[in-house]
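The residues making up each chain are set out below.
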Amino acid sequence: KFEYDGELNPSFKPGDFELAIGEIKAVMKEEPAPRFVYVSSAGVTRPNRPGIDVEVEPPAVKLNDTLGGILTYKLKGEDVVRDSGIPFCIVRPCALTEEP
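**Student:** I would appreciate a short explanation of the overall build of the chain in the present structure.
**Tutor:** Within the chain, the secondary structure is distributed over three helices and two strands. Secondary structure elements of the chain occur, N-terminal to C-terminal, as α-β-α-α-β. In the chain, the share of contacts with a sequence separation of at least 24, taken over all contacts with a separation of at least 6, comes to 63%. Taken as a whole, the chain presents about 7500 Å² of accessible surface, with 55% of it coming from carbon and sulfur.

Shown next as structure tokens:
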């Protein structure tokens, strides 16, 4: 959705949420079985949470609704992975910058 400079990608088109768990399960039958790593976000549990002051939260949390619910979809993705039955690891990185 974003370009390297942080601006919105002009060719981005929102679509339905889909995580191809069926295809991942098909690959799991191969030996050795691969492991699935899902890259989520550190802020996935914060949007629309009671008691959270959105103004002091990181930009992704502040802009979740404006950005089409990106954190909401990442949390849905986590749930799909957890319920899939495949071996997994969920990584929730925080904001990454080029600043020292």
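**Student:** Any chance you could explain the pairing of strand 1 (residues 36–39) here in plain terms?
**Tutor:** The two faces of a sheet get side chains in turn, since along a regular strand they alternate between them. Burial along strand 1 is one-sided: Phe36 and Tyr38 are buried, and none of Val37 and Val39, which face the opposite way, are. In this structure, strand 1 lies alongside strand 2 (residues 88–91), joined through four bridges in parallel fashion. Residue pairing in the sheet places Tyr38 in a bridge with Ile90 of strand 2.

**Student:** I tried to follow the pattern of salt bridges on my own but got confused; where do I start?
**Tutor:** All chains considered together, the criterion is met by three salt bridges. With a shortest N-O distance of 3.0 Å, Glu78 and Arg82 are connected by a salt bridge. With Glu78 and Arg82 both in helix 3 (residues 70–84) and four residues apart, this pair spans about one turn of that helix. A relative accessible area of 0% means that Glu78 is categorised as buried. For Asp79, the salt bridge is made with Arg82, and the minimal N-O distance between the two is 3.4 Å. Remark: Arg82 and Asp79 occur in helix 3; sequence separation between them is three residues, near one turn of the helix. Judged by relative accessible area, Arg82 falls into the partly exposed class, the value being 39%. Overlapping salt bridges bring together Glu78, Asp79, Arg82 and Arg92 as one network.

Reading the values: rules and limits
Residues numbered from 1 in each chain as written. Predicted model: local features only at pLDDT ≥ 70, side-chain atom pairs only at ≥ 80, totals over all residues. Heavy atoms only, no water. Helix = DSSP H or I, 4+ residues; strand = E, 2+ residues; numbered from the N terminus. Contact = heavy atoms within 4.5 Å. Areas by Shrake-Rupley, 256 points an atom, 1.4 Å probe, with all protein chains shown as cover. Buried < 20%, exposed > 50% of the residue type's maximum accessible area, 1.4 Å probe, protein only. Pairing = 2+ DSSP bridges. Salt bridge = Lys/Arg side-chain N within 4 Å of Asp/Glu carboxyl O.

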